[in-house]
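# Topology and contacts: notes
Below, each chain spelled out in residue letters.
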Amino acid sequence: MQITQPLAETAERRRENLFVRIVRRLADSRELTLFVLVVALALAMSIVYPNNFPTASNMRAVLLNLAPVGMLVCGMMLLMIGGTFDLSVGSTLAFSGVWAGVVAGWWGWPAEIAVLVGIMVGALCGLVNGLIVTRIGINALIATLGTLTIYRSLTYVTAGTGVTPITDAFAEYGRAADPLFRIQSPFWAMLVLVLIGGWLVARTRFFRQFYFIGGNPRAAQLSGIRVDRLILIGFVIMGALAGLAGVLGAARLNSAVVNAGVGIELKVITATVLGGASLKGGEGTILGGILGVLFIALIENAMIINAIGVFWQGLVVGLVLLFAVSLDRFKTSGRA
Amino acid sequence: MAPRLEINGLSKFFPGVRALDDVSMSVEAGEIRALLGENGAGKSTLGKIVAGVYSRDQGTVLVDSAEIGTLDEKAAGDLGIGIVHQEGSLVPQLSVAENIFAGRQPTQWLGQVNVRAMREQAKALIAQLGVAIDPALKVSALSPAQAQIVEIAKALSRDLRILILDEPTAALTLTETEKLFDVVRRLAGNGVSVVYVSHRLAEIFSLCHSVTVLKDGRLAGTRRVAETSTDELIRLMVGRDVHFSRSAAGRRIGDIVLEAQDVEAPPLVRSASITVRAGEIVCLAGLIGSGRSEFCEAIFGARRRHGGSIRIGGTAIDPKGPWDGKHAGIGMVPEDRKAAGLFLGMDIVNNVAATVLSRVSSGANFSNRKAEALARNFVDELRIATPSVHQIVGNLSGGNQQKVLLAKWMAMEPRLLIVDEPTRGVDVGARSEIYRLLRALADKGVALLVVSSDLPEVLALADRIVVMAEGRTVGELRGDGASEEQVLRLATRYTASVAEVRKQPGMAEA
Ligand SMILES: Nc1ncnc2c1ncn2[C@@H]1O[C@H](COP(=O)(O)OP(=O)(O)OP(=O)(O)O)[C@@H](O)[C@H]1O
Ligand SMILES: [Mg+2]
């Protein structure tokens, strides 16, 4: 073997035309690809719909709507980096929201306690998922598919048709808005989580271990990484995030809805994969995940403004997902 | 007569790497041709191109004078080109028989797979290698040696014109190797051309007719085996002389670091004891299946221990997992680098950092700068051939992967380093470097426990040799002055009872 200059132009590469090289450069960083796509989409929309898209109220709506998915993506990205995932997040979200509603609305306890209880219930759901996966050794797909229906059913059992209204003090947690942009708290909570989570996962050695686990669980175990314990922690974090999303959602509506979060897991996983996670694990960043969320949110918004029926949205999001993932084939760092 | 396989001006590029550069060679029908070269010389790449796994960038390949265009693995198989891959290509979740006949299972009149016939044929194929493996077993349940046998059986299951064997004996014992050679000779007798890649020169002299040496992706020369010597081949390969002599200088052997007594880890480890001192290299020898690796795993905490005691530096430890072993200062380089050792999809930096996350961090933060510096050190020190420390480890050649694996554990600076098969798939030059590195570690006072199936390696490295058989440590020899025969006798002598062996004159109790 001879080592030529790192990434020197080999004959093969010289033959490529400019277009392929641009695609390759973009494909090498999923974050960059998505960022370019998001900016391009936003620009196009601002030009085509100057009266509908770049307005304060539309922006506010878009950002507020993506908040729950954004929070969940942080946890899902962590799990998928570690080579696993959680399908029960939607049910966990509803279950936590309903418990917060019960504690505040029916029992009349202080709103702070209700918020805490909601998050704890979510974390507990995550703990159960994690224990089933790591201790009993049931595969995550089956395990969380099971708890998806179990938690949803427990939600119905707990609150029947839901808790409406809860209390004004509790509702304040989801409605408080900042004075400048007047965006309500779920968005700000999500932003803080993304910033902190993004830093933690990208930088800290604790979370770096998830990349090793996803890369090769057996080698990680033999390298002295506590694989099971970390995966368990990952599930608890995922559950707590779903709990928070559920509580804030219930607070914003001042109503704990038993059908909250139905089907959200698919949206979350779509955004996570779009953001660079691989089903095999070991890849992805929170930044990528949140850009994935943003991108999907913009597409949905475009379709609403265009008055294209909701029936078409799934089609477009699905196509975008397939497109983004197929970009992987152009990666230079991939194996030949 | 036209040659069976003819390669002209073959070149292959990978990003940043010229793996093959204008290589030409031709192999006659019935010829067994050795392919030699250092790690990363391009041997596997050449084999993979002929077998249709990689496409070629330049050059032509002719089989029986017919030029083959671009072909995939299946087309190559249909042309009668079989390959046993260095890194294994079996599907762990499927049975042995299904792996052997993947895609070509014998069928019955409705097209359903004839499981019975398939298993019987698989059994016969395996039996000609002198081994009995239940064809209904899942591949994931096999040991690395058994998996290797199945790989070979899979290649033999077709009508072959050309057979490429890429380091097929790396995981095999002597007897299995001999059986494989018989089969290869028989195939050659029937006119099959064999391309045989190995780092074990002795094998080449006993099996092959001729040898082609690659260096840095270029052809370094072709010789008839009868007209060449080990020294000449090494010079062609490495460009200098290499020696494996035992280091003469006496090392200062210090206090006991590891003291394991009557360790039980059923089913493979029944009662094993060993001590290793600081600065000492102890080799654990024995046949495959004697429980050596499992004993080491039990010491490290990677395997559940049922009885016995383990002390590190005089303190009893009870490792519940590898993290506990690591915490006690033990490192373990596992036998199976692909499945258990490396993060193949990650770069060298992250692989090396995996065992020392806290050392390559500042506070809670993982420091890419520190990790890169560490990786760069090892790339220089171990002479890992790579375009950069950010190369994906899965893209390195087998021997360079092995060096990364060693680096990963040397980085941890253990008190006791267990190395399971330190030079599997490593070229002669690198092998002597790895010996030098292990000795240097011992000089620094690290206790080394080395498992090896390669007897010359055991004799070259060991200060002391401990032999295991059937899950028990059955004897011990001093390293210098020991002969292969003595070790083998201990390893196979174990028959009726341990006591009988221990009564053998001249053998200390283990
Ligand atoms: N898929 C790939 N992508 C990038 N580089 C590769 C790839 N496969 C091989 N290489 C590079 O090509 C060179 C030749 O590799 P090859 O595996 O053929 O070596 P080898 O002679 O078989 O070595 P070994 O004795 O270690 O098995 C190496 O430098 C390796 O890093
Ligand atoms: Mg090779």
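Residues numbered from 1 in each chain as written. Chains lettered and ligands numbered in written order. Predicted model: local features only at pLDDT ≥ 70, side-chain atom pairs only at ≥ 80, totals over all residues. Heavy atoms only, no water.

## Structural notes on the overall build of chain B
Looking only at helices and strands, chain B has 18 helices and 22 strands in total. Its C-alpha atoms give chain B a radius of gyration of 23 Å, near enough to 24 Å, the size a compact globule of 510 residues would have. Seen through its C-alpha atoms, chain B measures out along the principal axes to roughly 70 × 55 × 50 Å. The 510 residues of chain B split such that 58% are buried. Across chain B, contacts joining residues at least 24 apart in sequence account for 67% of those joining residues at least 6 apart. Between the mean site of the 60 positive side-chain charges and the mean site of the 60 negative ones, chain B shows a separation of 3 Å. (Helix = DSSP H or I, 4+ residues; strand = E, 2+ residues; numbered from the N terminus. Rg over C-alpha atoms; globule rule 2.2 N^0.38 Å. Buried < 20%, exposed > 50% of the residue type's maximum accessible area, 1.4 Å probe, protein only. Contact = heavy atoms within 4.5 Å. Lys, Arg positive; Asp, Glu negative; His and termini not counted. Charge placed at Lys NZ, Arg CZ, Asp CG, Glu CD.)

## Here's the deal with helix α12 (residues 227-253) of chain A
Between its first and last C-alpha atoms α12(A) spans 39 Å; for 27 residues at 1.5 Å apiece the expected length is 39 Å, and the two agree. Backbone geometry just downstream of α12(A) places N254(A) in the positive-phi region, at approximately 50 degrees. (Expected span 1.5 Å × (residues − 1).)

## Regarding the packing of aromatic side chains
In total, this model carries 10 aromatic pairs over all chains according to the counting rule given. A centroid spacing of 6.3 Å and a plane angle of 35 degrees characterise the contact between F181(A) and W188(A), whose relative ring orientation is tilted. Ring geometry for F206(A) versus F207(A): centroids 5.1 Å apart, planes at 85 degrees, classification edge-to-face. Judged by relative accessible area, which is 36%, F206(A) ranks as partly exposed. Residue classification places F207(A) among the buried positions, given a relative accessible area of 11%. One aromatic cluster in this structure is built from W99(A), W107(A) and W109(A). Positioned above the aromatic ring of Y211(A) is the side chain of R208(A), whose terminal nitrogen or guanidinium carbon lies 5.9 Å from the ring centre. The ring of F366(B) is capped by R208(A), whose NZ or CZ atom sits 3.8 Å from the centre of that ring. (Phe/Tyr/Trp six-rings, centres within 6.5 Å; stacked < 30°, edge-to-face > 60°. Lys NZ or Arg CZ within 6 Å of the ring centre and 35° of its normal.)

## Regarding the sheet that holds strand β10 (residues 218-224) of chain B
All names here are of chain B. Read across the sheet, six strands follow the order β6-β7-β8-β3-β9-β10 without closing on themselves; strand pairing throughout is mixed. Strands at the two margins of the open sheet, each flanked by one partner only, are β6 (81-84) and β10. The average angle at which neighbouring strand axes cross in this sheet is 15 degrees, direction not considered. Both strand β7 (residues 162-166) and strand β8 (residues 193-197) contribute to a ladder of five bridges, which runs parallel. Across the sheet, residue D166 finds its bridge partner in β8, namely V197. Against the sheet, helix α8 (residues 230-238) touches β3 (32-37), β9 (210-215) and β10, its axis set at about 30 degrees to β9. (Pairing = 2+ DSSP bridges. Axes fitted to C-alpha atoms, helices over the stretch in contact; angles between N-to-C directions.)

## Examining the pattern of salt bridges
All names here are of chain B. Evaluated as defined, the whole model comprises 23 salt bridges over all chains. Salt-bridge contacts for R33 lead to E31; the nearest nitrogen and oxygen are separated by 3.0 Å. With relative accessibility at 5%, the residue R33 sits in the buried group. Where R424 meets E335, a salt bridge forms, and the shortest distance between an N and an O atom there is 3.7 Å. (Salt bridge = Lys/Arg side-chain N within 4 Å of Asp/Glu carboxyl O.)

## A word on the nonpolar core
L258(B), F295(B), I299(B), L416(B), L449(B) and I465(B) are the most contacted members of the largest nonpolar core, which totals 167 residues. The element contributing the most residues to this core is helix α4 (residues 56-81) of chain A, with 15 residues. The residue makeup of this core includes at least three contributed by each of domain 2 (249-329 + 414-510) and domain 3 (340-413) of chain B. Those residues within four positions of L416(B) in sequence are excluded, and the remaining contacts are V257(B), L258(B), V276(B), I299(B), I312(B), G329(B), I330(B), G331(B), A447(B) and L449(B). Formed by 51 residues, the second largest nonpolar core is a distinct cluster that contains L129(B), V150(B), A188(B) and I234(B). (Core = buried A, V, L, I, M, F, W, Y, C linked by side-chain atoms within 4.5 Å. Domains from an automatic or database assignment.)

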